[in-house]
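Given next are the chains, with one letter for each unit.
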Amino acid sequence: MERMTKLKIGFIGTGVMGAAIAGHLIEAGHKLTVYNRTKSKTDKLVAAGATWADTPTEVAKKSDVVFTMVGFPTDVEEVYFGDEGIFKGLKTEGITVDMTTSRPSLAVKIADYAKEHGFHAVDAPVSGGDIGAQNATLTIMAGGEEETYNKLLPLFKVISKATNLFGAAGSGQHAKMANQIMIAGTMTGLTEMLLYAQHAGLDEQKILETLSAGGANNWSMTNYVPRILKNDFTPGFFSRHFLKDLRIALEEADKMGLDLKATAEAKRLYEVMVDVKGLGNQGTQGLINIYK
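Draft legend 1. Unusual backbone geometry, seen in detail. Positive phi outside glycine occurs at Ala136, with the angle close to 55°. One can find Ala136 in the loop between helix H6 (129-135) and strand S8 (138-142). We classify Ala136 as buried; its relative accessible area is 18%.

Below you can see the structure in the form of structure tokens.
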């Protein structure tokens with residue numbers, strides 16, 4: 001695959017991050033076929049040279065590699081196993097790459113089915129949000145066969161700054177859960193830090209500059225506090241999707257016999273934001289709005 005200059009790639013799920021990732025693959029010279037439930041979200045990609053397909057099955061029929069980046073595990077299940085799913089059209093030796101943050105058990109189910117039917121599947125969730133997708137600086141956490149992963153590396157390098165294979169199918173999703181557990185703490189921390197600074201009468205911009213230069217510095221603070229100060233709650237990453245991730249992380253932790261108290265509290269706060277306040281379409285930085 002590394003010797004090929006152009007691949008037939010399918011991309012399913014062209015939302016906030018998916019569209020940017022797909023755009024980079026087009027810019028790298030690959031031929032893309034795209035599908036999204038809301039067709040208009042593929043318009044810019046089609047204008048850039050992608051081809052629209054009516055179903056995931058049609059995408060798979062036209063592709064050597066199919067990327068998916070959808071919302072929830074139920075969406076993943078439908079996109080792969082549904083009546084018009086990928087597995088109805090994928091060619092022998094075809095590769096699927098699920099970049100959705102989903103359940104590790106579902107990644108195993110997809111990989112097992114793929115292996116039984118002459119396909120290959122890698123779970124490869126990402127971190128970096130809309131900014132990482134736009135700048136092609138994502139971090140990719142992969143699980144699957146090493147040989148398949150190595151074939152995908154040239155594509156991963158187009159869209160990321162770092163990529164690691166963590167083991168068999170599902171291990172990429174476990175790595176992403178570890179990532180989300182860490183982010184849960186930084187999001188609650190930056191929210192309450194900012195509230196404290198405001199109520200103490202401190203200059204918010206000076207606080208951001210000062211903390212960014214010290215031990216409190218972190219990616220979420222650097223990228224989300226400036227948005228909060230502008231009352232910009234547009235999603236770099238939907239809060240409803242983050243809540244889904246925290247629920248999966250805690251389900252997996254429970255299976256391991258772990259009691260992750262801080263992550264459970266973060267989940268409770270995002271449940272207030274999403275389920276009670278109805279702010280699920282705001283970005284994760286909108287957590288501050290539950291305090292108002």
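Still to come is the rest of the account.
Draft legend 2. Inspection of the sheet that holds strand S7 (residues 126-127) at higher detail. Strands sit in the order S7-S8-S9 across an open sheet of 3 strands; the sheet is mixed. The strands lining the two open edges of the sheet, one partner per strand, are S7 and strand S9 (160-165). Note that S8 and S9 share 5 bridges and pair parallel. Each residue of the ladder has a partner; that of Leu138, found in S9, is Ser160. Docked against the sheet, helix H8 (residues 171-199) engages S7 and S8, running at close to 135° with respect to S8.

Draft legend 3. View of the nonpolar core. Membership of the largest hydrophobic core comes to 59 residues, with the highest contact counts inside it found for Phe11, Leu32, Phe67, Val97, Met99 and Phe156. Looking at this core, the element that brings in the most residues is H8, giving 7 residues. Those residues in contact with Phe67 that lie beyond four places of it in its chain are Ile9, Gly10, Phe11, Ile12, Leu25, Val97, Met99, Leu155 and Phe156. One finds Ile12, Ala53, Val66 and Leu90 within the second-largest nonpolar core, a separate group that totals 19 residues.

Here is what the cut-offs are and how they apply
Each residue is numbered by its place in its chain's sequence as written, counting from 1. pLDDT decides what is reported in this predicted model: residues at 70 or higher carry local features, side-chain atom pairs at 80 or more are listed and counted, and totals for whole chains, interfaces and linings draw on all residues regardless. Water and hydrogen atoms play no part in the side-chain values, which are based on all heavy atoms of the structure. Think of it this way: any DSSP run of H or I at least four residues long counts as a helix, any run of E at least two long counts as a strand, and we number them from the N terminus. Exposure categories follow from relative accessible area, calculated using a 1.4 Å probe and restricted to protein chains: below 20% of the type maximum is buried, above 50% is exposed, and the middle band is partly exposed. Note on pairing: DSSP must find at least two bridges between two strands before they are called paired. By definition in these notes, contact holds between two residues if any of their heavy atoms fall within 4.5 Å. Interaxial angles span 0 to 180 degrees and are taken between N-to-C directions of axes, which are lines fitted to C-alpha atoms, for helices over the stretch in contact. For our purposes a nonpolar core is just a set of buried Ala, Val, Leu, Ile, Met, Phe, Trp, Tyr and Cys residues, chained together by side-chain atoms within 4.5 Å.

The values are spatial; any link to function lies outside them.
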